[in-house]
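# Structural characterization, general
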Amino acid sequence: MKYKEIKEGLASKKFSSQEICETFLKRIRDVEPKISAFIHHNEEKILQNAKDSDKRRSGGKELSPLDGIPIGIKDNICILGERTTAGSKILENFVSPYNATVIDKLNNHGFVLFPGLNMDEFAMGSSTENSAYQTTKNPFDTSRIPGGSSGGSAAAVAASMLPISLGSDTGGSIRQPAALCGIYGLKPTYGRVSRYGLIAYASSLDQIGPFSNDSEGIEDILKVISGSDLHDATSSKEPTPNFSEKLDLKGLKIGVMEVGSEWSEAIQKKYKQMIEYLESKGAITTKLDFSLNEYSIPVYYIIATAECSSNLSRFDGIRYGYRNEDGKKLEDLYLDSRSKGFGKEVKRRILLGTFSLSSGYYDAYYGQAQKARALIRKGYDLFFDKVDLILQPTSPTTAFKIGEKTKDPIQMYKADILTTSVNLAGVPALSIPAGLDEEGLPIGMQITAKHFQEGKILSLAKIFESIPEFSIPLPREIK
Amino acid sequence: MDSKKLQEIAFLARLRFAGKELDELTDDLNKIMSYVDKVKELDTRSITEEDLYPHLQENAIRKDEIGTSLGRDELSKISPKFENGYIVVPRVIET
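Residues numbered from 1 in each chain as written. Chains lettered and ligands numbered in written order. Predicted model: local features only at pLDDT ≥ 70, side-chain atom pairs only at ≥ 80, totals over all residues.

Adjacent strands of a sheet form backbone hydrogen bonds with each other and so pair up, either parallel or antiparallel. All names here are of chain A. Here 10 strands make up an open sheet; going across it, the order is S2-S1-S3-S5-S4-S9-S10-S8-S6-S7 and the pairing mixed. In the strand order of this sheet, the two ends are held by strand S2 (112-117) and strand S7 (284-287), each with one partner. The sheet shows a mean angle of 25° between the axes of neighbouring strands, taken without regard to direction. The sheet contact formed by strand S1 (residues 70-74) and S2 spans four bridges and is parallel. Note on S2: the bridge partner recorded for Lys74 is Leu117. (Pairing = 2+ DSSP bridges. Helix = DSSP H or I, 4+ residues; strand = E, 2+ residues; numbered from the N terminus. Axes fitted to C-alpha atoms, helices over the stretch in contact; angles between N-to-C directions.)

Right, dumping it as C-alpha cells:
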C-alpha cells in the first residue's frame, strides 16, 4: 500500500493505526527471514504506540493528520529507551538515553516508530555487508545487496514491510539504496534537517532523510523533520516551505551529463529515454561538464575518513559502549575495546583519516581535499546558473551480487561515483524509481537542485511518478 | 606505507593489529592511498580561505541558559562499569 493511501485511510477512519501496523507486522513476520532488514524489533511496543494513536484519533485529539502512520528508523538515529547499535558491535547493548531531534519531531506528529533498521557499520558502506550483524537482501533478488549504507531502511520499504523510513546519507547512503530497491530516497540540503542524535560519521556531509514508496511520503516527512535546532549549530534557519511547487516542463532547464561507458546498458537506455521525454514536453536540456566527478570519490574518502577518525574517537570503552578489560592498563582498555569493537571497514577508514590528518601529510591530503571540495561546490554553483535541475542516474549499475565487491574496497567505493559530489556540495538530491532492467532489477535516477530547492525536485519527481514506463511495481513475492 | 608506519598511525588512533590482519590492512591501505592520491592532480590555486568553510556563514549562538543534561541514573544504565555514582576505570597511575 502506498504511503498516500495509508495517510488517507487513517484520516477517513477506513482503518485504524493498530490495523495497519498489524498488517505491516504480519508482512515483517512473513518476509523478514528472507530480507534481514531489522537488527532488532519490538512488536509489543509498536502495537502499544499504534493503540495510543487510535485513542487520540477516536477522541479527536490526533497530534497531526499523520498520527498513526508507521515509519522505520535506521539504527543510527537515537531513540530514547531503544537499542541504537549503528550496525556496530561496539554499541551492541547501547540503549539511547535521549531522542534525536528528528525522533522528537516524529513523535510530536504521532508517528508509530519501527526502530532497528540494518545498516553498514557506522554508515560506512554501500551494501550493508559491513553491518556487524547481517547483510540485508534486495527484495527484487535476494542474492543481491540492497545498497547501503541505509540498506535496511530501503529494503523494508521495497519489501512492503513499511511505507516510509528514515535513513542517513553521507556519500549516497540514502539515494543509492533507494535506487537499487526501486523506491524514493531524499538527501535534503545540508542543514535542512537537524543531525542532533544521529550517530556521527562525517559531520560536514551527514544528513538525515526519508525513504518512501511514493513522492508524497518524501514530501510529508521532509516537512516534519526540517527546521533549525539549537542542538545542531549547522542546522539552517531557512524556513520550511510547503515543498509542493507548480512546475511546468515547458521551458524548464534541465542539466544532463554525458552517458557513461561504465554505466550498465539498461541505465544508459533509460537515461536517454527520460531525457527524450523531458525534451518532448518542452524542457530544455543542457549537457553539463561533470569532469570533476572522477575526483569526488577520492575527495570524499579523505574528508569523510578524517572526520570519522575524530568522531569515532569517543568510542573508548569508558563511558558507554563495549569495554574490553583483558589488559591491565588504561591504554590496553582503549586499544582492546576499539580493536575488538570496531569492524574491518571502520578501522580501515579511521586509519586512513588519522593518516591524512597526521603531521607531514595534512596539507597534501586533507588540505588539498578541502580545496578540491570547494572547487566541486563552485562547479555546482555554476551549473545552477545555467539550469533549474540536474538529472543523472543515481548509480552506474543496478544491484550487484552479495560478495561481489567485498574483496576490493575501491570497487565498492566507486558504487557512489554519481552521488558523493552532491554531499560535498551540500545540495539536495532525490533518487526516484525509473523502471526495471532486463533482469527485473530497479533503476534509479537522481534529481539535484540548488541549496534548499527540494520543492522543485519533488515537483519533477511527481511528473515522472505518473508515467507507467518510469515506475516500478514493488515485489509481492520475495524469492 | 609499510607495516611499521601503519603501526604508528594505528597507535595514534588507539587501534592495534597483528599478523595477517596487519599485512592485509597495509595492502588495502596502500591501494586506497594510491587511488585517493588523485586529488593531488587538481589545480586548486584559485581557492581562497573563505571558499573553504561554506557551512559557517554565520555563527550559531544560543542563550547561555541552564538546560537539562543526563543525570547519574541515566549514565549508570549506559556505562560499562558504574559503581556508587561513578564510572569505574582501570588504575591510571602506574606503580
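All right, on to the packing of helix H7 (residues 215-225) of chain A against helix H15 (residues 454-465) of chain A then. Residues and elements named next belong to chain A. Contact geometry of H7 with H15 gives a least axis separation of 9 Å together with a crossing angle of 160°. One element, H7, and the other, H15, form an angle in the roughly antiparallel class. You can see that H7 and H15 cross each other, and the crossing is left-handed. Each of Ser215, Ile218, Glu219 and Leu222 in H7 lies in contact with H15, whose residues at this interface are Glu454, Leu458, Ala461, Lys462 and Glu465. (Parallel < 35°, antiparallel > 145°, perpendicular 65-115°, else oblique. Left-handed = near helix turned anticlockwise from the far one by under 90°. Contact = placed C-beta atoms within 7 Å.)

A separate point is the domain arrangement of chain A. Accessible area lost on assembly of the parts is the figure often given for the size of an interface. Residue and element names in this part refer to chain A. Per the domain assignment, the segments making up chain A are domain 1 (3-248 + 389-470) and domain 2 (293-370). For domain 1 and domain 2, the distance between their C-alpha centroids amounts to 26 Å. The interface of domain 1 with domain 2 comprises 28 residues on the first partner and 23 residues on the second. Looking at the side of domain 1 that touches domain 2, the element that brings in the most residues is helix H14 (residues 420-425), giving three residues. Looking at the side of domain 1 that touches domain 2 residue by residue, the class counts come to 14 nonpolar, nine polar and five charged. (Domains from an automatic or database assignment. Nonpolar A, V, L, I, M, F, W, Y, C, P; charged D, E, K, R; others polar.)

With that settled, the discussion passes to the interface of chain A and chain B. Facing the 48 residues of chain A at the interface are 38 residues of chain B. Looking at the side of chain A that touches chain B, the elements that each hand over two or more residues are helix H9 (293-311), helix H10 (330-341), helix H11 (344-357), helix H12 (363-386) and helix H13 (409-413) of chain A. Counting residues per element, the side of chain A that touches chain B draws most heavily on H12 of chain A, at nine residues.

All names here are of chain A. If you look at the biggest cluster of nonpolar residues, it comprises 157 residues, and the most contacted ones within it are Ile71, Ile77, Val299, Ile302 and Ile447. Residues from two domains meet in this core; each of domain 1 (3-248 + 389-470) and domain 2 (293-370) gives at least three. Residue contacts for Ile447: discarding those within four places in its chain leaves Leu389, Leu391, Ala429, Leu430, Ile432, Ile457, Leu460 and Ala461. (Core = buried A, V, L, I, M, F, W, Y, C linked by C-beta atoms within 7 Å. Buried ≥ 20, exposed ≤ 12 C-beta atoms within 10 Å, placed from the backbone.)

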